[in-house]
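Remarks on the overall topology
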Amino acid sequence: MTASLEQLRRCHFAVDLGAARTRVYVKGAGLVIDQPSTAAVNTRTGALMAVGELAEKMTGRTPDYIRVVRPVSGGTVVDIEMAQRMLRQLIGDKMRRTLRRRPRLRAAACVPHDADPLAQRAAIETLVGLGARRVELVDTLLAAAVGCGLPVEQPEATMIMVCGAAATQVAVLSLGAIVAAERVPVGGEAVDNAIVQLLRYQHELVLPSQSVRPLQLALHDNGLTSQGPESTEIHGRDVATGLARCVRVDTAAVRQAIQTPLTAVLDGIGRTLRECPPDLVADLVDRGIMMVGGSALLPGLDQMLRRATGMPVHIAERPELCAVQGLGEMLEGRIAPIVLDPLRA
Ligand SMILES: Nc1ncnc2c1ncn2[C@@H]1O[C@H](COP(=O)(O)OP(=O)(O)OP(=O)(O)O)[C@@H](O)[C@H]1O
Ligand SMILES: [Mg+2]
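Residues numbered from 1 in each chain as written. Chains lettered and ligands numbered in written order. Predicted model: local features only at pLDDT ≥ 70, side-chain atom pairs only at ≥ 80, totals over all residues. Heavy atoms only, no water.

**Remarks on the sheet that holds strand 16 (residues 244-250)**
The antiparallel open sheet is built from three strands, whose spatial order is 14-15-16. Every interior strand has two partners, whereas the edge strands, strand 14 (205-206) and strand 16, have only one. Both strand 15 (residues 231-238) and strand 16 contribute to a ladder of seven bridges, which runs antiparallel. In the sheet register, G236 faces strand 16, and the bridge partner there is R245. Lying on the sheet, helix 6 (residues 188-203) is in contact with strand 14, strand 15 and strand 16; it crosses strand 16 at an angle near 105°. Set on the sheet, helix 8 (residues 251-275) makes contact with strand 15 and strand 16; between it and strand 16 the angle comes to about 80°. (Pairing = 2+ DSSP bridges. Helix = DSSP H or I, 4+ residues; strand = E, 2+ residues; numbered from the N terminus. Contact = heavy atoms within 4.5 Å. Axes fitted to C-alpha atoms, helices over the stretch in contact; angles between N-to-C directions.)

Put into structure tokens, the structure is as follows:
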């Protein structure tokens, strides 16, 4: 599925359409957009009211006739037309005019590792609607590995874990190609949901989405694995009465609730390692796992993985930007030509 480096070098812009955030890299200009993949639509007129941060702020606060939608779900574009409208608005008129001036506009996009032909087609159609004559697809795992500076072209194993909002992808790479990979449909959203469900069933409290992050931070001091502060205070709405209420939440219970989705991620790592030839696994014992993607910042996740796998675990610098920056490196032709052929996966 992955295009050759030569084809990627001819692309003018690259898009990482994620379940949570959309990022656009323009050749020569760098990362120009990093906004939530959200659009607010007026259901009476069909008009687009807002996109990105503004639409995200409207979530849960709109009157009946305004609907906040997410055209990307589970890493796949599910509403092509809405995704095009959102991207058009995010990119803005000025940048779009600049791009359209190119005689044969070419775009690159990263798609999840096991994206089926339908998902690939949806990504291509979305960018064709923006005026691209040709669209090159790149495996997110390869893009992220390049973006975080892993020596993917070397004949030794490197392990990458892309912790997105909708899914977690794990891969072992060597000589610029993916040796073994797994995609687990559990990401940051599943972790947030586990916390919301816990509060609902144990404390009969509906938690506003903005409150999940402070609760995660309460776990932070001592991580997910060991004893942190005993409890933390949180505001929400009572399920029965509808009134605002404040409860003290036991951090151990939150840690326990988060453990369930994370077990699936650990299983994914195990399956990837089992698929891998023993020589490569030996390399990984020293080198360890590189975590990228926004959910890599989940407080204490790295500690938990370190403890569960016994391998070194590193978090990339600006982990959420690795995939789009990897695409950028490919567009700018900053990758050693040795990976050119093996990249043709
Ligand atoms: N500091 C943080 N602590 C915990 N989680 C975080 C933090 N920052 C971002 N996240 C989580 O990271 C996720 C977004 O990550 P990212 O931007 O990589 O997703 P995406 O690329 O849109 O998703 P996907 O690749 O699955 O389509 C969200 O679920 C968000 O809750
Ligand atoms: Mg992503």
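The rest of the description comes next.
**As for helix 5 (residues 140-147)**
Of all eight residues making up helix 5, seven are buried, and the element is well covered by its neighbours. Taken together, the buried positions of helix 5 are occupied by T140, L141, L142, A143, A144, A145 and V146. N-cap assignment for helix 5: the residue whose side-chain oxygen lies 2.9 Å from the backbone N of L141 is D139. Backbone geometry just downstream of helix 5 places G149 in the positive-phi region, at approximately 80°. (Buried < 20%, exposed > 50% of the residue type's maximum accessible area, 1.4 Å probe, protein only. Polar contact = N/O pair within 3.5 Å; in protein donor to acceptor, adjacent residues only side chain to side chain.)

**Observations concerning the pattern of salt bridges**
Side-chain pairs of opposite charge can arise where the charged atoms are in close proximity. This model, assessed by the stated rule, comprises 17 salt bridges. When the shortest N-O distance is used, the salt bridge between R96 and D93 registers 3.6 Å. A residue pair is termed a helical-turn pair when its members lie 3 or 4 positions apart in one helix, as R96 and D93 do in helix 3 (residues 80-100) at three residues. Here R96 falls in the partly exposed class, since its relative accessible area comes to 23%. (Salt bridge = Lys/Arg side-chain N within 4 Å of Asp/Glu carboxyl O.)

**Structural notes on the side chain of D139**
Along the chain, the position of D139 falls in strand 10 (residues 134-139). One buried charge, D139, has no salt-bridge partner; the nearest side chain with opposite charge is R183, at 8.8 Å. Of note is the side chain of D139, whose polar atom sits 2.9 Å from the backbone nitrogen of L141. (Lys, Arg positive; Asp, Glu negative; His and termini not counted.)

**Details of the confidence of the model for the protein chain**
Here the protein chain averages 89 in pLDDT, and 93% of its residues register 70 or above. Overall, residues 340-345 carries pLDDT values under 50, and its contacts beyond four positions in sequence, including any with other chains, amount to 14 contacts. (pLDDT = per-residue confidence, 0-100.)

**Quick notes on the sheet that holds strand 11 (residues 158-163)**
By definition, the strands of a sheet pair up through backbone hydrogen bonds, in either a parallel or an antiparallel sense. The strand order across the open sheet built from five strands is 13-12-11-17-18, with neighbouring strands paired in mixed fashion. For this open sheet the edge positions go to strand 13 (177-184) and strand 18 (313-315), each flanked by a neighbour on one side alone. Taking each pair of neighbouring strands and ignoring which way they run, the sheet shows an average axis angle of 20°.

**As for the site of ligand 1**
Lining the immediate surroundings of ligand 1 are 20 residues, of which A19, A20, R21, R23 and G294 lie closest. Interatomic distance of 3.0 Å between a backbone N/O atom of A166 and an oxygen atom of ligand 1. Bound to the protein, ligand 1 loses 81% of the 660 Å² it would expose on its own. Counting residues per element, the ones that place at least two in the shell around ligand 1 are strand 2 (21-26), helix 6 and helix 7 (212-218). With three residues, the top contributor of residues to the shell around ligand 1 is helix 6. Tallied by class, residues from the shell around ligand 1 come to seven nonpolar, eight polar and five charged. (Near = heavy atom within 4 Å. Areas by Shrake-Rupley, 256 points an atom, 1.4 Å probe, with all protein chains shown as cover. Nonpolar A, V, L, I, M, F, W, Y, C, P; charged D, E, K, R; others polar.)

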